[in-house]
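So the chains spell out like this:
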Amino acid sequence: MAETRQVLFVQGGGAGVHDEWDDKLCDSLRRQLGDGYEVCYPRMPDEDDPSYARWSTAIRDEMTTLAGGAVVVGHSVGATILVNALAERPPESELSAIVLVAAPFVGAGGWPGDEFELPHDLGARLPQGVPVHLFHGLDDETAPPSHADLYARAIPQAQLHLLPGRDHQLNNDLSEVAKAINPDGLGPAGQE
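In this text the structure is predicted, and so the values were computed from the model without any measurement.

Asker: Go over a nonpolar patch on the surface, please, and point to the residues and values.
Answerer: Where nonpolar side chains cluster on the molecular surface, the patch consists of L138, L160 and L162 and spans about 220 Å² of accessible area. Checked against the element boundaries, L160 lands in strand β6 (residues 159-163).

Structure representation (structure tokens):
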């Protein structure tokens, strides 16, 4: 029997985002990955008022439930908080990938940092040897595509995926994200 790979999907911030916006992203990811993947989609605390302290604590709690080889995916401000939490303190179990979708960059050139600013050596602080993927729509009006370039400089080992004609929600289509997680379209242990 094939092993199931876990995927933790961290929502973005805003009123109703979990049930009315990012649920479509999560559903797309589940469909595209298919059997063999379990996508966990927890509700972040006070989603309409994202706080690094509250959200990073919730994310770390969720990561304690992950088995080795899990993938973490964050959307929008959820991705920004996720990557900062990973840089601050990596999870105990080994990750197989870190995926940031439409992540606003907090720091010089990006959004101002009220609670935190991403470290200049962000890439060096992330778990070593874990692939990092940055997905950003070129028509994103919430977090401009220039934020993806700032991430690419801060995380030099990351693969940057700029998607033409896609908005902040990537038009509710995470097929490219699923392909990065499972490039061969096979089960998590490589079985068909």
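So that's the structure; there's more coming.
Asker: So, the pairing of strand β3 (residues 70-75): which residues are in play, and what are the values?
Answerer: The buried count for β3 comes to six of six residues, which makes it a mostly enclosed element. Both faces of β3 are covered, namely the face carrying A70, V72 and G74 and the face carrying V71, V73 and H75. Where β3 meets strand β4 (residues 95-101), six bridges bridge the pair, whose relative direction is parallel. Looking at β4, one finds that V71 is bridged to A97. Assessed by its sense of winding, the connection that carries the chain from β3 through helix α4 (residues 77-88) to β4 is right-handed.

Asker: Which residues make up the pattern of salt bridges, and what values go with them?
Answerer: Summed over all chains, the structure comprises nine salt bridges. In this structure, D46 engages R54 in a salt bridge whose closest nitrogen and oxygen atoms are separated by 3.0 Å. Overall, the relative accessible area of 44% leaves D46 in the partly exposed class. The class for R54 is partly exposed, based on a relative accessible area of 32%. With a closest N to O distance of 2.7 Å, E88 and R60 form a salt bridge. With E88 in helix α4 and R60 in helix α3 (residues 52-63), this pair connects stretches of sequence that are 28 residues apart. For E88, a relative accessible area of 53% gives the class exposed. For R60, a relative accessible area of 13% translates into the label buried. Because the salt bridges share partners, they merge into one network encompassing D46, D49 and R54.

Asker: I'd like a rundown of the sheet that holds strand β1 (residues 5-10), residues and numbers included.
Answerer: Strand order in this open sheet of six strands is β2-β1-β3-β4-β5-β6, and the pairing throughout is parallel. With partners counted over all chains shown, the strands left at the sheet margins are β2 (37-40) and β6, one partner each. Recorded for the sheet is a direction-independent mean angle of 15° between the axes of neighbouring strands. The pairing of β4 with strand β5 (residues 132-137) spans four bridges and is parallel.

Each value, and the rule that gives it
- Residues numbered from 1 in each chain as written.
- Predicted model: local features only at pLDDT ≥ 70, side-chain atom pairs only at ≥ 80, totals over all residues.
- Heavy atoms only, no water.
- Patch = residues over 30% accessible without salt bridge, like charges linked within 9 Å, V, L, I, M, F, W, Y side chains within 5 Å.
- Areas by Shrake-Rupley, 256 points an atom, 1.4 Å probe, with all protein chains shown as cover.
- Salt bridge = Lys/Arg side-chain N within 4 Å of Asp/Glu carboxyl O.
- Helix = DSSP H or I, 4+ residues; strand = E, 2+ residues; numbered from the N terminus.
- Buried < 20%, exposed > 50% of the residue type's maximum accessible area, 1.4 Å probe, protein only.
- Pairing = 2+ DSSP bridges.
- Right-handed = clockwise from strand over helix to strand, strands pointing away.
- Axes fitted to C-alpha atoms, helices over the stretch in contact; angles between N-to-C directions.

The values reported here are purely geometric and, on their own, carry no functional implication.
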